[in-house]
Amino acid sequence: MTFFIREVATLQARVIMLVDLDYFFAQCEERRNPSLKDKPVVVCVYSGRSEDSGAVSTANYIARKYGVTSGIPIFLAKKKLKKDAVFLPMDHEFYEEVSGKIMRILRSHADFFEQVGIDEAYLDVSQKVKGSFEEAKELAQKIKEEVKAQQKLTCSIGIGPNKLVAKIAADIQKPDGLTIVKHEQVESFLSPLPVSRLIGVGRKTKKKMQTLGIRTIGDLAKYDVQRLIEVFGKKLGIYFHNASIGVDDESVQERGEVESISRISTLKGDTRDLKVIVEKANQLCDEVHAKLVQRELGFKSVGIVAVMVDMSVRSRSRTFENPTNELEVLKKTVKELFEKFLNESELEARRVGVKVSNFVKEQERQKQITNFIGLAKN
DNA sequence: CCCTCGATCAC
DNA sequence: CCTCATATCGAGGG
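All values reported here derive from a predicted model rather than from experimental measurement.

Draft legend 1. Main features of the pairing of strand β5 (residues 112-115). Where β5 meets strand β6 (residues 120-124), 4 bridges bridge the pair, whose relative direction is antiparallel. Looking across to β6, one finds that Phe-112 is bridged to Asp-124. From the end of β5 to the start of β6, which pair antiparallel, there are 4 residues, and Gly-117 there has a positive phi angle of about 75°.

Draft legend 2. Examining the pattern of salt bridges more closely. In the structure shown here, the tally under the stated rule is 23 salt bridges. For Arg-32, the salt bridge identified is with Glu-29, shortest N-O distance 3.0 Å. Taken as a pair, Arg-32 and Glu-29 lie in helix α2 (residues 24-32) at a separation of 3 residues, close to a single helical turn.

Draft legend 3. Focus on the side chain of Glu-120. Residue placement: Glu-120 occurs in strand β6. The class of Glu-120 is buried, set by a relative accessible area of 12%. A distance of 2.8 Å separates the side chain of Glu-120 from the side chain of Lys-167, its partner in a polar contact. Beyond its immediate stretch of four places on either side in the chain, Glu-120 contacts Leu-18, Val-19, Asp-20, Met-103, Glu-114, Gln-115 and Lys-167.

Draft legend 4. View of helix α4 (residues 74-81). Among all positions in α4, only Ile-74, Ala-77 and Leu-81 are buried. One side of α4 carries all its buried residues, which in axial view fall inside an arc of 55°. The secondary structure elements touched by the buried residues of α4 are β2 (41-46), β3 (54-59), α3 (61-64) and β4 (86-89). Immediately beyond the C-terminal end of α4, within one or two residues, lies Lys-82, with a positive phi of roughly 60°.

Draft legend 5. Region of interest: the packing of aromatic side chains. Enumeration over the complete set of coordinates arrives at 7 aromatic pairs. Ring geometry for Tyr-239 against Phe-240: centres 5.5 Å apart, planes inclined by 50°, an arrangement best described as tilted. Overall, the relative accessible area of 0% leaves Phe-240 in the buried class. Among the aromatic residues, ring-to-ring pairing joins Phe-24, Phe-25, Phe-94 and Tyr-95 into one connected group. When the ring centre of Tyr-61 is taken as reference, the NZ or CZ atom of Arg-64 above it lies at 4.3 Å. Over the face of the ring belonging to Phe-87 we find Lys-78, whose NZ or CZ atom lies 5.0 Å from the ring centre.

Draft legend 6. Structural detail: the protein's contact with DNA strand C. Near DNA strand C lie 22 residues; those nearest to it are Gly-54, Lys-235, Ser-262, Arg-350 and Arg-351. The contact atoms of DNA strand C, taken as those within 4 Å of the protein, divide so that sugar and phosphate hold 83%. Between DNA strand C and Ser-260, the relevant distance is 3.2 Å, taken from a phosphate oxygen to a side-chain nitrogen or oxygen of the residue. Take Arg-351: an N or O atom from its side chain is 2.7 Å from a phosphate oxygen of DNA strand C. Per element, the largest residue contribution to the surface near DNA strand C is 7 residues, and it comes from strand β9 (residues 260-271). Tallied by class, the residues present in the surface near DNA strand C amount to 8 nonpolar, 8 polar and 6 charged.

Draft legend 7. Highlighting the sheet that holds strand β7 (residues 155-160). The 5 strands lie next to each other as β5-β6-β1-β7-β8, forming an open sheet whose pairing is mixed. For this open sheet the edge positions go to β5 and β8 (178-180), each flanked by a neighbour on one side alone. Across the sheet, the axes of successive neighbouring strands diverge by a mean angle of 15°, strand direction being ignored. By the bridge criterion, 3 bridges tie β7 to β8 in an arrangement that is parallel.

Draft legend 8. Structural view of the protein's contact with DNA strand B. Neighbouring residues of DNA strand B: 19 residues in total, closest Gly-200, Thr-205, Ser-315, Ser-317 and Thr-319. Backbone sugar and phosphate groups make up 100% of those atoms of DNA strand B lying within 4 Å of the protein. Separating a phosphate oxygen of DNA strand B from a backbone N or O atom of Leu-198 is a distance of 3.4 Å.

Draft legend 9. Inspection of the sheet that holds β4 at higher detail. One open sheet holds the 3 strands; their spatial order is β3-β2-β4, and the pairing between them is mixed. On the outer flanks of this sheet lie β3 and β4, each paired with one strand and no other. Between one strand axis and the next, the sheet turns by 35° as a mean value, whatever way the strands run. The pairing of β2 with β4 spans 4 bridges and is classified as parallel.

Draft legend 10. Region of interest: α2. With 7 of its 9 residues buried, α2 lies for the most part within the structure. Elements in contact with the buried residues of α2: β1 (16-21), β2, β3, β4 and α5 (92-108).

Draft legend 11. View of the nonpolar core. Ranked by internal contacts, the top residues of the largest apolar core, which has 38 residues, are Met-17, Phe-24, Leu-106 and Leu-123. Contributions of two or more residues to this core are made by β1, α2, β2, β4, α5, β6, α6 (133-151) and β7. Take this core: its biggest share by element is 7 residues, from α5. Not counting chain neighbours up to four residues away, the residues in contact with Leu-106 comprise Val-19, Phe-113, Ala-121, Leu-123, Ile-143 and Val-147. Of all hydrophobic cores here, the second largest spans 25 residues; its members include Leu-284, Phe-341, Leu-342 and Val-356.

Reading the values: rules and limits
- Residues numbered from 1 in each chain as written.
- Chains lettered and ligands numbered in written order.
- Predicted model: local features only at pLDDT ≥ 70, side-chain atom pairs only at ≥ 80, totals over all residues.
- Heavy atoms only, no water.
- Pairing = 2+ DSSP bridges.
- Helix = DSSP H or I, 4+ residues; strand = E, 2+ residues; numbered from the N terminus.
- Salt bridge = Lys/Arg side-chain N within 4 Å of Asp/Glu carboxyl O.
- Buried < 20%, exposed > 50% of the residue type's maximum accessible area, 1.4 Å probe, protein only.
- Polar contact = N/O pair within 3.5 Å; in protein donor to acceptor, adjacent residues only side chain to side chain.
- Contact = heavy atoms within 4.5 Å.
- Arc of directions from axis to C-beta.
- Phe/Tyr/Trp six-rings, centres within 6.5 Å; stacked < 30°, edge-to-face > 60°.
- Lys NZ or Arg CZ within 6 Å of the ring centre and 35° of its normal.
- Near = heavy atom within 4 Å.
- Nonpolar A, V, L, I, M, F, W, Y, C, P; charged D, E, K, R; others polar.
- Axes fitted to C-alpha atoms, helices over the stretch in contact; angles between N-to-C directions.
- Core = buried A, V, L, I, M, F, W, Y, C linked by side-chain atoms within 4.5 Å.

Written out as structure tokens, the structure reads:
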């Protein structure tokens, strides 16, 4: 019997790490210019409406002390900081380059690897550490040292029996943190934490749970699953229940290709003038199309999105019978979608976006065409 | 099963 | 005054 249990344990028990690069964009800027290190650093997305319009992407911890966090308007960040703060525009290419080098280091230490966004990755290290959390801790320290030595950046690492716990653990101590939660600690670790720590619980869901008397993950664990399903739907209800008791069997797997490519941009001024909107949309089409070419993809679906003056978000889309890769088709479709949309809407638009999806590898698309011509001939 | 669209989350 | 990009879910309709 003991034998059997041990078998099960070696087959199933996992050791998962979540590595999170600390205040990534701002830390990249500090690395490039170390004189920034003792100042508040705020990396911004400028929207171009006015001098300081736009939002904060990432701020270093000095800036955060003053209440400057991701997503707040730039002008507000300036009001909070005043003097010696440094405001910088995003340099996405640079961050991608740094990220790529670090991800290669992380991948080399994992049995299975999954990058999540530009600054996060899950590592399944079960085999590497032979199921030992003690060894996992040593490996994590080694990884932190290596990233520091080779790329001059700090990161925070969470270790747990699954992705869910590892992710929350990584958030506990940062920057430059290391938090380990073993199986037997999962319940006591999770239960006092607010539900908002769970992936999938944002502003709206937190509010909804609050009205149900659910504040902590422990509260959620005690709540009836059937009720959760009634309130949040089947998929989410079951997910929330399992998450609340630290259960998660999602595997760590390399992410496949992206399934949509989109660009959105803020207009100089609010408008519902088709010409103005199409002009901006065409720029976005160019950018989206460049990505498509780069990835050698054709697309079957085209979508537009408009953020209206009241910040409500509207979208329209169209799916073709056959995939295409032509920029002109994209632009024409986008124009038609906006034209139709404007007829159905009263409000002025503040931001507009373009999206393509339903990809077909260009090679496959060409093959289809060749086949079709072949058939027609016979 | 596919399409469309809004909502939500989180980067 | 309030960025950007991607994924996922559910509802509604076919």
